[in-house]
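Below are the chains, spelled out letter by letter.
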Amino acid sequence: MSMADDTRYAYAVARVRGMETRLLDRQWIERLLSESADGALKALADSAYQDALADVDSPEAIEIGLEKAVAELLTTIAEMAPDPELIDLFRIRWDYRNLKSLLKASLLKIEGGETGVVDGIGTVPAAALETAVRDKDYTMLPGFLANAARDAGEAYRDQGELSIIDQIIDASLWDHSLATATAAGNGFLSSYFQAEIDLINIKTFVRIKAMNRDQNDLARALIPGGTLDLSFFRAALGEPIGTFAGSIEYGRYGVLAEVLRESSPENRYALELACDNVLIRFVERAKTAAYGIEPLVAFILYRTMEIKLVRTAIVAKLDGVERGEVEERLRTIHV
């Protein structure tokens, strides 16, 4: 039986179908764009974000409410899913993010609220991670996090570069995610994670190339596990960006080719938006499944993109960005 035919998901899929009706549609986006930052925050009080933003008293504090919205999203979906450990693969990203921040803060002797740790979204309480990093005792953490922390610490002692922390933690996150999805026999989830890895690597390649960095920098920055072989990126580093664009033009990431050819510091949002829209199109093909995890993952992506959209709109308004430029930064909304 394929995951898409897994009738255990019937209840969860029905719940998600109902939740989809509360996604922000085009009218909502127009409303946010036409309001001031304060007006947009008040408007969101009448949306699915009502509870998450209940304690947010100014648009400058929007991040607190959006983090709460992410926590509500992932907790709710995990609670209704027959395989919560698969949904938790989206929550552990925050565990890894917190671990990365705490390790670097420890090495830089940063304390308190400056560490960038977010509590309540991941699977491990922030306090437990903070204690583990402070004491360099990872025995109480899940094995995948403990191993990542030890490996990152050892690599930093050997190389003395903070960037190695990011590289090892990121590689561990995606290795664990792919291994868990594969062990569960979930081909859709495995393909979804591989697409995310490919898109991260494409953006990394563009950044490394723009900075005129070398093959060693690229090799360290790329994440293994995607469908685009790492040698593919290494071979393209010395070629014009147009050649790289041509090499992906007729594959699954072909829609990025035109954006890559026109990439510049002035349209830095274009590639990020295009990559997000690739993921949206990926899940759109699967979200119509009557059963299975696909509609749940699709909803997580839609809501996550929507949260990014709300953040972008509010922050841009606070920064005095013109409406036309705000619209250029917004992701495509699919309902």
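Here, every reference points to the structure presented above.
Report follows, based on the coordinates. What you see is a predicted model, and the numbers here were worked out from it, not measured in a lab.

1. Description of helix H5 (residues 84–107)
Its 24 residues give H5 an end-to-end C-alpha distance of 34 Å, which sits within 8% of 34 Å, the value for a rise of 1.5 Å per residue. When the local axis directions of H5 are compared, the greatest deviation, roughly 45 degrees, occurs at phenylalanine 90. Looking one or two residues beyond H5, the residue adopting positive phi is lysine 109, at roughly 60 degrees.

2. Regarding the packing of aromatic side chains
Enumeration over the complete set of coordinates arrives at 13 aromatic pairs. Aromatic side chains phenylalanine 232 and phenylalanine 244 sit 5.7 Å apart centroid to centroid with 45 degrees between the ring planes, which places their arrangement in the tilted category. Of the two residues, phenylalanine 232 sits in helix H11 (residues 230–236) while phenylalanine 244 sits in helix H12 (residues 241–248), which places them 12 residues apart along the sequence.

3. Overview of the environment of isoleucine 307
For isoleucine 307, the position within the fold is in helix H15 (residues 294–318). Once the C-alpha coordinates of isoleucine 307 and glutamine 27 are considered, the two residues, 280 residues apart in sequence, prove to be 16 Å apart. When sequence neighbours within four positions are dropped, the list of residues in contact with isoleucine 307 reads Tyr49, Leu66, Ala69 and Val70.

4. Topic: helix H7 (residues 143–159)
An ideal rise of 1.5 Å per residue puts 24 Å on 17 residues; H7 measures up with 24 Å between its terminal C-alpha atoms. Just past H7, the residue glycine 160 takes up positive phi, approximately 70 degrees.

5. Here we look at the packing of helix H1 (residues 10–20) against H15
The contact between H1 and H15 brings their axes to 9 Å, and the two run at 25 degrees. Relative to H15, the element H1 is oriented roughly parallel. Read as a crossing pair, H1 and H15 show a hand that is left-handed. Listed contacts from H15 to Ala12, Val13, Val16, Arg17, Met19 and Glu20 of H1 are Pro295, Leu296, Phe299 and Arg303. Broken down by class, the residue content of the contact of H1 with H15 amounts to seven nonpolar, no polar and three charged.

6. A short note on unusual backbone geometry
Despite not being glycine, lysine 136 shows a phi value in the positive range, around 55 degrees. You can call lysine 136 exposed: its relative accessible area is 59%. With phi around 60 degrees, asparagine 212 is a residue other than glycine that occupies positive phi space. Topologically, asparagine 212 is positioned in the loop between helix H9 (187–210) and helix H10 (215–221). Look at asparagine 212 and you get exposed, because its relative accessible area is 71%.

7. Let's talk about the environment of tyrosine 253
Position of tyrosine 253 relative to the elements: it lies in the loop between H12 and helix H13 (257–261). The class for tyrosine 253 is buried, based on a relative accessible area of 2%. Each C-alpha atom of the pair tyrosine 253 and cysteine 275 lies 8.6 Å from the other, and the pair is 22 residues apart in sequence. Within polar-contact distance, the side chain of tyrosine 253 engages the side chain of arginine 252 at 3.5 Å.

8. Focus: the pattern of salt bridges
The final tally for this structure, using the stated rule, is 16 salt bridges. For arginine 8, the salt bridge identified is with aspartate 83, shortest N-O distance 2.8 Å. Here the residue arginine 8 occupies a position in the segment before H1, and aspartate 83 occupies one in the loop between helix H4 (62–80) and H5, the gap between them amounting to 75 residues. Look at arginine 8 and you get partly exposed, because its relative accessible area is 44%. Here aspartate 166 and lysine 104 are joined by a salt bridge, their closest N and O atoms 2.9 Å apart. With aspartate 166 in helix H8 (residues 163–183) and lysine 104 in helix H5, this pair connects stretches of sequence that are 62 residues apart. Residue aspartate 166 is classed as partly exposed on the basis of its relative accessible area of 23%. Its relative accessible area of 22% is what places lysine 104 among the partly exposed residues. Beyond isolated ion pairs, a larger network of salt bridges with shared partners links Lys100, Lys104, Asp166 and Asp170.

So, how was this worked out
- Residues numbered from 1 in each chain as written.
- Predicted model: local features only at pLDDT ≥ 70, side-chain atom pairs only at ≥ 80, totals over all residues.
- Heavy atoms only, no water.
- Helix = DSSP H or I, 4+ residues; strand = E, 2+ residues; numbered from the N terminus.
- Expected span 1.5 Å × (residues − 1).
- Bend = angle between axes of the 7 residues up to and from the residue.
- Phe/Tyr/Trp six-rings, centres within 6.5 Å; stacked < 30°, edge-to-face > 60°.
- Contact = heavy atoms within 4.5 Å.
- Axes fitted to C-alpha atoms, helices over the stretch in contact; angles between N-to-C directions.
- Parallel < 35°, antiparallel > 145°, perpendicular 65-115°, else oblique.
- Left-handed = near helix turned anticlockwise from the far one by under 90°.
- Nonpolar A, V, L, I, M, F, W, Y, C, P; charged D, E, K, R; others polar.
- Buried < 20%, exposed > 50% of the residue type's maximum accessible area, 1.4 Å probe, protein only.
- Polar contact = N/O pair within 3.5 Å; in protein donor to acceptor, adjacent residues only side chain to side chain.
- Salt bridge = Lys/Arg side-chain N within 4 Å of Asp/Glu carboxyl O.

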